[in-house]
Number of protein chains: 2
Amino acid sequence: MRLLLLATTAVLALSATTASAEEGMWTFDNFPIARANQTLGTNIDQAWLDRVRLSSVRFGGCSAGIVSDAGLVLTNNHCVATCVANLSTQEVNYAATGFTPRTREEELRCPGGTAEILTEITDVTDRVKAAGAGLTGQDFTRARDAEIGRIEQEACANPDGTSAADRRCQVVSLYRGGQFKLYAYKRYTDVRLAWAPEDRAATFGGDLDNFSFPRFAIDAALIRLYENGQPVETPTHFVWNDDRPVTGTPVFVSGSPGATQRLLTQDQLATVRDVVLPLDQLIASELRGRLVRFAAESEQNAFMAMDPIVGLENTYKRGLGRMRALTDAGFMNRRAEAEADFQARNAANAEFAAQFGNPWGDLAAVQPAVRELYAPMALLEGGTGVGTTAPGGGSVLFAYARTLVRAAQERAKPSAERLPEFGDARLGQVENGLMAQRPVYPELEQVRMEWWLSKTREWLTVDDPRVRTLLGRESPEALSARLVERSTLADPAVRRALWEGGIEAIQASDDPLIQWMLSIQDVTRGVRSEWETRVQAPTEQASERLAAARFAAYGDSVYPDATGTLRLTYGLIEGSDVPGQRFDGFTTFDGLWDRATGSAPFDVAPKLLAARDVIDGDTVLNMTVSSDTIGGSSGSPVVNEAGEIVGANFDSTVLTQRNAYGYDRDVNRSVIVTTGAVTTALRDVYGMQRLVEELGAD
Amino acid sequence: MRLLLLATTAVLALSATTASAEEGMWTFDNFPIARANQTLGTNIDQAWLDRVRLSSVRFGGCSAGIVSDAGLVLTNNHCVATCVANLSTQEVNYAATGFTPRTREEELRCPGGTAEILTEITDVTDRVKAAGAGLTGQDFTRARDAEIGRIEQEACANPDGTSAADRRCQVVSLYRGGQFKLYAYKRYTDVRLAWAPEDRAATFGGDLDNFSFPRFAIDAALIRLYENGQPVETPTHFVWNDDRPVTGTPVFVSGSPGATQRLLTQDQLATVRDVVLPLDQLIASELRGRLVRFAAESEQNAFMAMDPIVGLENTYKRGLGRMRALTDAGFMNRRAEAEADFQARNAANAEFAAQFGNPWGDLAAVQPAVRELYAPMALLEGGTGVGTTAPGGGSVLFAYARTLVRAAQERAKPSAERLPEFGDARLGQVENGLMAQRPVYPELEQVRMEWWLSKTREWLTVDDPRVRTLLGRESPEALSARLVERSTLADPAVRRALWEGGIEAIQASDDPLIQWMLSIQDVTRGVRSEWETRVQAPTEQASERLAAARFAAYGDSVYPDATGTLRLTYGLIEGSDVPGQRFDGFTTFDGLWDRATGSAPFDVAPKLLAARDVIDGDTVLNMTVSSDTIGGSSGSPVVNEAGEIVGANFDSTVLTQRNAYGYDRDVNRSVIVTTGAVTTALRDVYGMQRLVEELGAD
C-alpha cells in the first residue's frame, strides 16, 4: 500500500450490511466509542479521541504521528522516499547510506513537503446541496464546485480577505454525497527530514515481499515540523512505547486512508473489473518493463529510476490484488448478497421507492458512458476517481506545464467559475507544489512522456482527432524528445516568472512544452467536460440518492468510504490462519538474518548488517493487526488504549486489497513496523542517540 | 492475426446454435457444398474442393497457396519474417531492402522451414476412444496419447518400419474429442525464399494499423518448394487472377486457422477472462516495455528485436480484442442464450441426460483447478491450450536445451510411454526444428530469460518451492546471464552431438543450460502431471460428452473448432458498416500515398516510394471479406468460384477477434492483400519480372 493515489472525483461511501465488529474507517466526529470499547474491552473517551486526532499528521499522501514535544513525527521510510531522492545526488545518495544528521540543525527540508493536522470539522451539507438543487449535468457539478470553493475560501481567509498560508480548508464529500463536511487543518510547509534508514533496511524483500507477511522491514523514518525556521512545539503528542507487543492487544490506527469503493454497485464494479483495471494495469506493466530496462543501462539510470519503479510496482501489485478480489466468486457473491438485501429493504417500503427512485438502475445506465470515456478521460485528463491512469505519464515537466497553463487560464476568471482545483482557497497549495525545488532528470522524463504518448495513441487509436492534436505529424518519440530537451521548466525561476506573469507570459513563452500544452487544452478540457456531463454528474446524483436510501435502510451506524481524510480504525494485534495466508503476527531481527540471501532484494543493508552483533535478535521487527486500512494509511500511528504509539502501519497483505471493495475480517491484516524496531535502529544501527533521547526511549 | 500460437492441448469445438449462413471453418471432408452454393450463388463441387485442398499449403504457423507449376507459393511477408531475419545480418538486412533474387538459383533456403500439403483424411475415432475407455486422470490422457502415437507411426512408416521423411501423419481431435481423424501430409523440408518486399511495404502502419482497416500493406511474399535440390513440379495449383476485385464477389478462404474456443462453456470463458488473459497480457506488456527500450539502445539491438517485437505486439493486440469480446455484454449474452438453448434441448430429452450427464456442471467443477494451476502450468511448462504464456520467455537457447534434455530422457523409453510430442512419429519434426541453423543473439536471449524468470518468481511467489528450484540463491538477472553467456547450444554441432549422444551425453555435458534444464525437470514435469490429472483429463472427458450432446441436439450440421488444420471458409468481398467499424472494402496505392506521413510506421518503404510514378495508383491494394478466419489463417489463399487465387489473407479487424469465441457476421472482416497488389509490386517496384512471368501475370 505504499503509495496513495488519491481519487479526486467520485468519492464514494459506506459499509456493507454485514459489518464485522471491527469494520470501518470512522471519521473522528462519528466514531463509535461504545461499540469499539465493547468489542475491544477498552475504555477510551472523547478526550482520548481529541488527543489522538491532534497528534495525527497527514504528510503528502501518507499518514504520520507526532512523537515528541519538539515536532518530531514518525512515518514510513517509503513516505519520505521521494524527499530522500530529491535531497540526494548519485554521489551523495541518502537512499544508499541512510540519512543520519548528527544535530537538529543538519536536518534538511523536504522539497515541497507539507504536513497537516486536523483541527476542526463543520457540517456544510445543506449549503452544498442547495447550490446544486434543480440542476443537471455540468451545471450541477460546476455549481456545487463553486459553492465548495466559496466555503473553503471563507473558512481559510485572513481578516484582510487573503488566504491564510498556515491553514487549509477542504470540503469533503462523505457517504458519496450523503454529507459534506468542512475540514480545517493547521498546515506546515517546512518539513525536515530528521532520520531515514538505508533504503534496503526499509525495503528488504522489495517488490517480491511487498503486500505479504512475514516481513522484515524497518519501513520507518522521522521528520520534523518547522514554523518560522524553528521546530514546532508540540505538547500534544503520542508517548513512545517500545515494549514488546503481545498478541490480542487492542490497537487503534489513526490515519488518512486514500479511497475505498465499498458502496459501488455491482454494475459499477464490473466496469472497474472490465475496463478500468485492465487499462491501468496493462499500460503500467509496459512502463515497468521500460523502466526496468532503463535502470539496467547504467548506474546513473538506476539511481534515477529507483523511486519511480518502487512506486509503480506498488501500484501495480495493489491492482493485481484488486483484480483478484473482483474475480473471486466467493467475495463477490457476498457483496452481491449485501446489495440484494439493501434493494429488498428499499423495495419493502413504498415511501423509499418514491423518495429515492432506482439509483441502482440509474448507475447501471451510466456504465456504458464510463466504459466509453474511461480511456480518453484517464489518458488525457486524469481524475477519473475510479482508476490510477493520468496524463503525462508521471513526467514532472508535464505536470509543471499543465499547472502553469491552466492556472494562468483559470486565474483570469472569478474564483467560482474556475476549474475547482484552481479556486482561490486552493491556489496556495498549487503554488507551493509548483515552486518546490526538485531534481528533474531529462532521460527519465522522456521515458515517461514517450510511454504516455505512445499508449495514448494506442488506446485511442492513431486516427482519433484528439490523438492527432496531441501528436500532429510527430511520433511519440520525436515529440517527447523535442519537448523535454528544449523545455526550461526545470528551472524554478522560469516557473516563478510564468506563474507571476499570468496568461500573457504563458502565451508569449517560447518554451515548447508550454506552447504544446496550450495547443492541447481544447482537447483535454473537452474530454473532461464530456466526462463531467455524461459520467460524473449522473453518478453523483444517483449516488446521493443511494446514500440517502442507505441511511433510511440502515440508520447512521455506517461509516463513509475513505476519502484521504483522517479516520480512526481499530482491531487486535494478531496473525492469520486462512488458506494462502497463515502466519503468527510477529517477526524478529533473527528472522531477518535467516531470510537474507545476500542477493537483492534479500540483502541486508550494510549498516544494519554491521550492527547484527549488538542488536537483540529477539526484538519484534514487524507485526500484523486486524484494523481496516488502505493505501494512504501508510505511516499511520498505531496506538494502544493508553494513547501510546506502538508502531507505524506500512503495508497490508495482497488478500487485504479486497478491502477497497469491502472489509473481510478473515483476511484483512495490516502490517506494522514496531516502535521497538525503530528504537533499535536509531540506537544500535544509525547512531541517532539524540533522537532516542528525544523519544524518551532510552 | 499475424502470428499463430497453436494450442497443443484442449483442442475445442463446434459452432453456436444461431449460425449465420457464412459461419464455419469447415473441414474438407465435411464441407457443406450445397449450403455454400446456395448462400453464395456459386456452383463448386467435390473436384473443385480437391483441387483447392491440393493447392493449399501449411507453412510454419501460416497458410499459403501454390501459384505456379514450379512449386511457387504465395504467403504473407509476416509469415516469412523470421526466415528473412534468419537470412539477414545487420549489414545485409533483407527486411530493409527486400529480398529480390534475380535468378531461381539465388533463392535462399529458410532455416527450419517446412511446408505441408494435406493428402488424406481417415477417421480413427473408434481406435482412439477405445484406448481411453474405462480410464481416468493421467492414465486416460497417456493411454490415448500412446494410441495416437501408434496410429501416426504406422501411417507414416516406410516399408522397413522407419518414419518417412517426406510425410507427416497427425491425429487431430475434432469437435473437442467428438471425432479423431488421421491427417496425412506430403511434407517438404526444403523451402526457399523467392521474394519478399521491403518490410515496411508489408507493415505500413505497423502495430498501430494492425487489426484495423483501411490498410495499405503489401503483406505478401513468395516461397518455393524444393525436393532433392530441385523445385517441385506442381501441376495442380491456383491460377493467378489479378483482375480488379468487385464488391459482392463470393470468395473462399483455404487455410489452417489455429485455434478457436467456440464450444467453451460460459464458465470456461470466465476463467479465460479472469485468469488466463490477465496473466498473458500483463506479462507480455512488461516484455514489450523491456524490448521497446532494448531496441532503442542501439541499431544493433533494434535489428535483433524487430521481429520479436512485431510478434509480441500482434499477440498482445489480439488478446486485447479477446478481452474486449469477453467483456462485451451483448456478445456474451448471445453466447449465454445459445448455451441455454443447448441445455434446454438436452434437458428436454430424458435419454440425453442419462447418456451425457451434466457436462456443463462437470466443466464448472474443473474451473477452480484451472484457476489455481494456470500460472504454474503456463510459466513452467506451457501447452495449456487456453493461453499463450510458455516457459523460457521465447529464448531459443532455452527451447534447444529443453528439447535436448527431454528428448534424451524420453527416447530412453518405448515410444508409447513417452511424452506424446516425443513419440517416434514426431521425432523427425523435433530433430528438424532442433538442427535448423538460426542466429542466436545472446543479448536478446538474456532479455527473454531474465524477464521470464522474473515473472515466474513474481506470479508463483518467491517462497514457492518450484521457484526456489528454478533460481536457487541466484537472482533472475544473474542466473540468466550465467546460463546464456556460457551455453554453447547456439552451435548446431553441439546440438547434434547432444542429440545423438542421448542421455549419457546430456548428463555428461558441461553446458550450464543443459545441467540447469536437467535440474528443473522434476518440477516442470510435476506441474504438467498435476495439470493433466486435475485439468486436462476431466476437461477432455466432459468435453467429449458435451460434443456428443451437441451432435444429439443439433445433428451433424456443425463444424469443429479450429485446430491448426486445413479448413475452408466462405463469404463475400464487402466492407463494414457498424459502429466503430465503417469502411468500404477496398484501399488503393493512392490511399497509401495519402496516408503516408514520412514518420515510422507511416513511412513508405524507399523502393516502393521510388516507384510511385510508375504504379497505377488506382490499383486495389487491400480488401476485406466476410469469411470466418483466425490467427493461422495468415497467408491463406483467397479463391474465387473458378478456383483462381485473388489474394492472400493477412489480418482481420480488432472487433473480429471475438471470433475466437463465436462468429459475428456483423463485424467479422478478414483483411486481404490482393493479387493485383502483388503483381504491381513484383513488376513495378522490385524488378521481379521472372516471377511475374511465372505467375502468368504479365
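Conventions adopted
- Residues numbered from 1 in each chain as written.
- Chains lettered and ligands numbered in written order.
- Predicted model: local features only at pLDDT ≥ 70, side-chain atom pairs only at ≥ 80, totals over all residues.
- Helix = DSSP H or I, 4+ residues; strand = E, 2+ residues; numbered from the N terminus.
- Rg over C-alpha atoms; globule rule 2.2 N^0.38 Å.
- Buried ≥ 20, exposed ≤ 12 C-beta atoms within 10 Å, placed from the backbone.
- Contact = placed C-beta atoms within 7 Å.
- Pairing = 2+ DSSP bridges.
- Least-squares fit on C-alpha atoms with pLDDT ≥ 70 in both.
- Arc of directions from axis to C-beta.
- Nonpolar A, V, L, I, M, F, W, Y, C, P; charged D, E, K, R; others polar.
- Domains from an automatic or database assignment.
- Axes fitted to C-alpha atoms, helices over the stretch in contact; angles between N-to-C directions.
- Parallel < 35°, antiparallel > 145°, perpendicular 65-115°, else oblique.
- Left-handed = near helix turned anticlockwise from the far one by under 90°.
- pLDDT = per-residue confidence, 0-100.

Caption draft 1: Layout of the overall build of chain A. Of regular secondary structure, chain A possesses 25 helices and 20 strands. Since a compact globule built from 698 residues should have a radius of gyration of about 26 Å, the 24 Å found for chain A is in line with a globular shape. On the principal axes, the C-alpha backbone points of chain A span a range of 65 × 65 × 55 Å. Across the 698 residues of chain A, 55% fall into the buried class. When contacts within chain A are restricted to residue pairs at least 6 apart in sequence, long-range pairs at least 24 apart make up 79% of them.

Caption draft 2: Representation of the pairing of strand β19 (residues 644–652) of chain B in the model. Residue and element names in this part refer to chain B. The element β19 is extensively covered by neighbouring structure, given that eight of its nine residues are classed as buried. Where strand β11 (residues 239–240) and β19 come together, two bridges link them in parallel fashion. Within the sheet, the bridge partner assigned to tryptophan 240 lies in β19 and is isoleucine 645. Between strand β18 (residues 637–639) and β19, which pair antiparallel one after the other, the connecting turn spans four residues, and glycine 643 there sits at a positive phi close to 80 degrees. With five bridges joining them, β19 and strand β20 (residues 670–674) adopt antiparallel strand pairing. Bridging from a neighbouring strand, serine 652 pairs with serine 670 of β20.

Caption draft 3: Expanded view of the relation of the copies chain A and chain B. Overlaying chain A with chain B gives an RMSD of 0.0 Å, the required rotation being 180 degrees about an axis along which the chain moves by 0.1 Å. The operation mapping one copy onto its partner corresponds to a two-fold rotation axis.

Caption draft 4: Local environment of helix α20 (residues 512–519) of chain A. All names here are of chain A. Those residues of α20 that fall on the buried side of the exposure criterion are Leu513, Ile514 and Met517. All buried residues of α20 fall inside an arc of 100 degrees around its axis, so they share one side. Residues of α20 that are buried make contact with α14 (396–411), α18 (476–486) and α19 (492–508).

Caption draft 5: Quick look at the interface of chain A and chain B. Taken together, the contacts link 25 residues of chain A with 26 residues of chain B. No other element matches the 13 residues that helix α9 (residues 266–296) of chain A contributes to the side of chain A that touches chain B. Among the residues forming the side of chain A that touches chain B, the class breakdown is nine nonpolar, seven polar and nine charged.

Caption draft 6: Highlighting unusual backbone geometry. Put simply, phenylalanine 213 of chain A and proline 214 of chain A share a cis peptide bond, and its omega is 5 degrees. Mapped onto the elements, proline 214 of chain A comes out in the loop between α8 (206–209) and β9 (221–227). Alanine 600 of chain B connects to proline 601 of chain B through a cis peptide bond whose omega is 5 degrees. Within the secondary structure, proline 601 of chain B is located in the loop between α22 (589–595) and α23 (606–610). Located in the positive-phi region is threonine 461 of chain A, a residue other than glycine, with phi close to 80 degrees.

Caption draft 7: Representation of the pairing of strand β2 (residues 62–66) of chain B in the model. All names here are of chain B. By the criterion of burial, β2 is predominantly enclosed, with five of the five residues buried. Judged by which residues are buried, β2 turns out to be covered on both faces: Cys62, Ala64 and Ile66 on one side and Ser63 and Gly65 on the other are all buried. Linkage of strand β1 (residues 56–59) to β2, two consecutive antiparallel strands, is achieved through a turn of two residues, within which glycine 60 is found at a positive phi near 60 degrees.

Caption draft 8: Region of the structure containing the domain arrangement of chain A. Residues and elements named next belong to chain A. By the assigned domains, chain A splits into domain 1 (28–114 + 189–260 + 562–695), domain 2 (122–179) and domain 3 (266–533). Look at where the C-alpha atoms of domain 2 and domain 3 centre, and you get two points 24 Å apart. Across the contact, 15 residues belong to domain 2 and 11 residues belong to domain 3. A per-element tally of the side of domain 2 that touches domain 3 places helix α6 (residues 137–155) first, with 10 residues.

Caption draft 9: The packing of helix α9 (residues 266–296) of chain B against helix α10 (residues 299–326) of chain B, seen in detail. Residue and element names in this part refer to chain B. Packing of α9 against α10 leaves a shortest axis separation of 9 Å and a crossing angle of 155 degrees. As far as their axial angle goes, α10 and α9 are roughly antiparallel. Viewed along their axes, α9 and α10 form a crossing whose handedness is left-handed. Broken down by class, the residue content of the contact of α9 with α10 amounts to 17 nonpolar, five polar and five charged.

Caption draft 10: Representation of the environment of arginine 58 of chain A within the structure. Residues and elements named next belong to chain A. Position of arginine 58 relative to the elements: it lies in strand β1 (residues 56–59). Using a count of 24 C-beta atoms within 10 Å as the deciding quantity, one classes arginine 58 as buried. In sequence terms arginine 58 and serine 633 are 575 residues apart; their C-alpha atoms lie 9.6 Å from each other.

Caption draft 11: Quick look at the environment of glutamate 22 of chain B. Residue and element names in this part refer to chain B. Looking at where glutamate 22 falls in the secondary structure, it is placed in the segment before α1 (33–40). Considered as a pair, glutamate 22 and serine 576 are 554 residues apart in the sequence and their alpha carbons are 15 Å apart. Among residues more than four places away in sequence, those in contact with glutamate 22 are Thr39, Tyr570, Gly571, Ser626, Asp628 and Arg665.

Caption draft 12: Local environment of the confidence of the model for chain A. Confidence in the prediction of chain A, expressed as mean pLDDT, is 93, and 97% of residues score 70 or more. Two numbers describe this predicted complex: its pTM, 0.91, and its ipTM, 0.90.

Caption draft 13: Representation of the environment of valine 386 of chain A in the model. Topologically, valine 386 of chain A is positioned in the loop between α13 (359–380) and α14. Sequence separation between valine 386 of chain A and tyrosine 374 of chain A is 12 residues; the distance between their C-alpha atoms is 8.9 Å.

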